[in-house]
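Residue-level listing of the chains:
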Amino acid sequence: MKFSKKNLFKGQLRTILIVFFAFVIGIIFSRIFFSPSPVDDYGKEQSDVNQQEKQTVWTCSMHPQIKLPKPGKCPICSMDLIPLKNSETGNDNDREITISDYSAKLLELETTEVIRKFVNTAVRMVGKIDYDETKVSYISAWVPGRLDRLYVNYTGIPVKKGDHMADIYSPDLLTAQEELIQALKTVKELNASESQIILQTAKSTVEAVREKLRLFGLNPDQIKQIEQQKKTRDHITINAPISGIVIHKNGQEGMYVKTGTRIYTIADISTVWVELDAYESDLQWIRYGSKVEFTTETYPGKIFKGTISFIDPIINPNTRTANVRVIVPNESLALKPGMFVRALVRSKVADNGQIMNKELAGKWISPMHPEIIKDEPGICDVCGMPLVSAESLGYVNGKEQNAPLVIPVSATMRTGKRAVVYVELPDRKKTVYEGREIVLGARVGDYYIVRNGLTEGERVVTRGAFKLDAELQI
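Note that residues are indexed from 1 along each chain, following the sequence as it is written. With the structure being a predicted model, the display of local features is reserved for residues of pLDDT at least 70 and the display and counting of side-chain atom pairs for 80 or more, all residues being used for whole-chain, interface and lining totals. Where side-chain values are given, they derive from all heavy atoms of the structure, hydrogens and water being excluded.

Thoughts on the overall build of the protein
Stage number 1. Numbered from the N terminus, helices here are DSSP runs of H or I no shorter than four residues, and strands are runs of E no shorter than two. The number of helices and strands found in the protein is seven helices and 31 strands.
Stage number 2. Only protein chains enter the accessibility calculation, which uses a 1.4 Å probe. A residue is then buried if its area is under 20% of the maximum for its type, exposed if over 50%, and partly exposed in between. Counting the 474 residues in the protein, one finds 35% classified as buried.
Stage number 3. Of all intrachain contacts in the protein linking residues separated by at least 6 positions in sequence, the fraction that spans at least 24 positions is 68%.
Stage number 4. Residue burial considers only the protein chains on display, and all accessible areas are found by Shrake-Rupley using a 1.4 Å probe. A total of about 29500 Å² of accessible surface is found on the protein, and carbon and sulfur atoms cover 54% of it. By definition, residues are in contact when any of their heavy atoms lie within 4.5 Å.

If you want it as structure tokens, here you go:
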């Protein structure tokens, strides 16, 4: 009985082993004939891993400028790098970013077209009113003598041309008057003479003495009076050569003067100058012949107008400004020398730093008197100098090709010496913006003049550029 149980246990064990080995052999055969090669699976898996590594860029969450091809630590903060796939932006260019329509609304992006247009600028200056130097006259002694009477004995008195200014006693004048009277007597006595040579000589002497008196400062009426009275005068009256205001009185009654001694200074203020200070950064928008508007403290709200007649070619090293002179008519004498003024020059900026002015384009202007403007070349009616073309002074007409390429100020991001704008790229399936470095010219009002980096018709981001830049950095 015991023998039979032992044999039964051995038989069962044998059967279990046979079944187990048969199961293992079946699995092996199924792997060989019905499963892919383990080598191929490994190769494919390894290829996928390598491809994924090639498409993955590792960056730091704290320092997005760090971009490495392999995982590791950030060289700045030692934080673990995180994967950044190019497929997230859909662009190979580091300066391009794709934004969905929904994201664009959240970022509140707005774009503006790059165009050519004449832009307005306003240059503000301050200064004061001064005398017109071309209308300042000096009364000086033409002969040595003594000032016995001054009719104008203090400054500020308005005088008219021909008014009495002073009486002067001069021995030289007495001698010249006596010579004239004697020469006239000689001519009268020789009228009956048959010798024409002697008569012509006497007449020439009379003309010479008349010219001598004229050079001594006597006017034709005074000379004629001496000839009629045939009597010398102890004193000769000095008259005002122009109308104006006596701004200086150098002579005193009883003072002896020499030839050339200055007695009075008279300024005609029917025309005045406005001397303005312009910063060197504003000089590029100011031109000879431009119109200027200004106001004064004396007449608030009243606008006066003038014309730029001179721009100082030298910068004041202390104030970093240049003098700009404006000539202003002042027939009413409302403007007084010394008044403080605030001036404004309005200009339309064209390309290459020129100024668009339809009124002056194609005209010819006097280089000394900007009020003289003609349609053809010629000479100035005042000074006789040849006229110059308005184009040589920096003016152009209003043709479109003369307009500069401009963008709004809000479109640019200034980073030190660089200027960056975001340009909307056309012909893309999705909205793509590109960060682009450009070269800017001067700022004119609410616009920048573009020198390089953009073309007409492109669209730049004018609102949300900083948000877009932050999104691209992240």
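There is more to say after this.
Some thoughts on the environment of V328
Stage number 1. For V328, the position within the fold is in strand 19 (residues 321-329).
Stage number 2. Taking the C-alpha atoms as reference points, V328 and F304, separated by 24 residues in sequence, lie 8.2 Å from one another.
Stage number 3. Here V328 is in contact with T271, V272, V274, F294, K305, G306 and L335, once residues within four sequence places are set aside.

Let's talk about the side chain of T296
Stage number 1. Relative to the elements of secondary structure, T296 occurs in strand 17 (residues 291-296).
Stage number 2. Residue T296 is classed as buried on the basis of its relative accessible area, which comes to 6%.
Stage number 3. Whenever a nitrogen or oxygen atom comes within 3.5 Å of another N or O atom, the pair is scored as a polar contact, on the condition that within protein one atom can donate a hydrogen and the other can accept it, and that pairs from neighbouring residues in sequence are kept only if both atoms are in side chains. At 3.1 Å, the side chain of T296 and the backbone nitrogen of Y299 are in polar contact.
Stage number 4. In this structure T296 touches F304, L335, F340 and V341, once residues within four positions along its chain are discounted.

A short note on the sheet that holds strand 13 (residues 244-249)
Stage number 1. A strand pair is defined by DSSP finding two or more bridges across the two strands. Spatially, 8-15-13-10 is the arrangement adopted by the four strands of the open sheet, whose pairing is antiparallel. Taken across any chain shown, the strands that pair with only one partner, and hence form the sheet edges, are strand 8 (136-140) and strand 10 (158-159).
Stage number 2. With four bridges connecting them, strand 13 and strand 15 (residues 262-267) associate as antiparallel partners. Considered in strand 15, the bridge of K249 is made with Y264.

Focus: the pattern of salt bridges
Stage number 1. Basic side-chain nitrogens of Lys or Arg form a salt bridge, by our definition, when they fall within 4 Å of a carboxyl oxygen of Asp or Glu. Scanning all chains against the criterion turns up 19 salt bridges.
Stage number 2. A salt bridge links E437 to R418, with the nearest nitrogen and oxygen atoms 3.3 Å apart. Here R418 lies in strand 28 (residues 418-425) and E437 lies in strand 29 (residues 431-444), a separation of 19 residues in the sequence.
Stage number 3. According to the relative accessible area criterion, E437 is partly exposed, its value standing at 47%.
Stage number 4. Overlapping salt bridges, with partners in common, bring together E108, E110 and R463 in one network.

A word on the sheet that holds strand 23 (residues 373-374)
Stage number 1. With antiparallel pairing, the three strands of this open sheet are ordered in space as 23-22-24. Every other strand in the sheet has two partners, leaving strand 23 and strand 24 (388-389) as the edge strands with one partner each.
Stage number 2. Bridge count between strand 22 (residues 364-365) and strand 23: two bridges; the pairing is antiparallel. Among the inter-strand pairings, W364 is bridged to a residue of strand 23, identified as K374.

Structural notes on helix 6 (residues 220-229)
Stage number 1. Burial in helix 6 covers these residues: Q222, I223, I226 and E227. Taken around the axis of helix 6, the buried residues stretch over an arc of 140 degrees, which confines them to a single face. Summarising the geometry of helix 6, the exposed residues directed more than 90 degrees from the buried face are P220, D221 and Q228.
Stage number 2. Buried positions along helix 6 lie against helix 4 (171-190), helix 5 (196-215) and strand 12 (235-239).
Stage number 3. Between the side-chain oxygen of the N-cap and the backbone nitrogen of D221 there are 3.2 Å, and the N-cap of helix 6 in question is N219.
Stage number 4. Directly beyond the C-terminal end of helix 6, a positive phi value near 55 degrees is found at K230. To obtain the arc, one takes the directions from the helix axis to the C-beta atoms.

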